[in-house]
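What follows is each chain in one-letter form.
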Amino acid sequence: MNSSLPEKEKLLSMLTEIYDQLEELEIVLEASFLDLRIQMNNEELNKLSAPVQRLSKLEKKLDRINPTSNEEQSNSVTKALKLEMGFWLPIEYE
């Protein structure tokens, strides 16, 4: 019986050491994944911002090629919306 007590203490000590090592590993992994997550977010942001910049450049070029006043643009947009909304409205029969 006396011999099993030191073995239990030894086993408990080993398990405590493993637990401490796992806690240290968790801290390192959290820091590593945080850096990786930040890097991936920045890459995705760059991927998304490039097309937006290209679109704005194209819009500016189109404005230079075909300049229209704001009033004409808003009228054409309003007409398009009215047509689109009118297309989807149900037809009422009397």
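Student: What am I meant to see in the overall build of the chain here?
Tutor: Check the secondary structure of the chain and you find two helices and zero strands. Within the chain, the fraction of its 94 residues that count as buried is 0%.

Student: I'm lost on the pattern of salt bridges in this one. Help?
Tutor: In a structure, side chains of opposite charge can pair up when their charged atoms sit close to one another. Scanning the entire structure with this criterion turns up one salt bridge. For the salt bridge of Glu44 with Lys47, the shortest nitrogen-to-oxygen distance reads 3.4 Å. Of this pair, Glu44 and Lys47 both sit in helix α1 (residues 4–65), three residues apart, roughly one helical turn. Its relative accessible area of 42% is what places Glu44 among the partly exposed residues. Taking the relative accessible area as the measure of exposure, Lys47 reaches 54% and is therefore exposed.

Student: Please clarify how a negative patch on the surface should be interpreted in this entry.
Tutor: Together, Glu17, Asp20, Glu23, Glu24, Glu26 and Glu30 make up a negatively charged patch on the protein surface. Within the secondary structure, Glu23 is located in helix α1. Given the relative accessible area of 34%, Glu23 is considered partly exposed.

Calculation criteria
- Residues numbered from 1 in each chain as written.
- Predicted model: local features only at pLDDT ≥ 70, side-chain atom pairs only at ≥ 80, totals over all residues.
- Heavy atoms only, no water.
- Helix = DSSP H or I, 4+ residues; strand = E, 2+ residues; numbered from the N terminus.
- Buried < 20%, exposed > 50% of the residue type's maximum accessible area, 1.4 Å probe, protein only.
- Salt bridge = Lys/Arg side-chain N within 4 Å of Asp/Glu carboxyl O.
- Patch = residues over 30% accessible without salt bridge, like charges linked within 9 Å, V, L, I, M, F, W, Y side chains within 5 Å.
- Areas by Shrake-Rupley, 256 points an atom, 1.4 Å probe, with all protein chains shown as cover.
- Lys, Arg positive; Asp, Glu negative; His and termini not counted.
- Charge placed at Lys NZ, Arg CZ, Asp CG, Glu CD.

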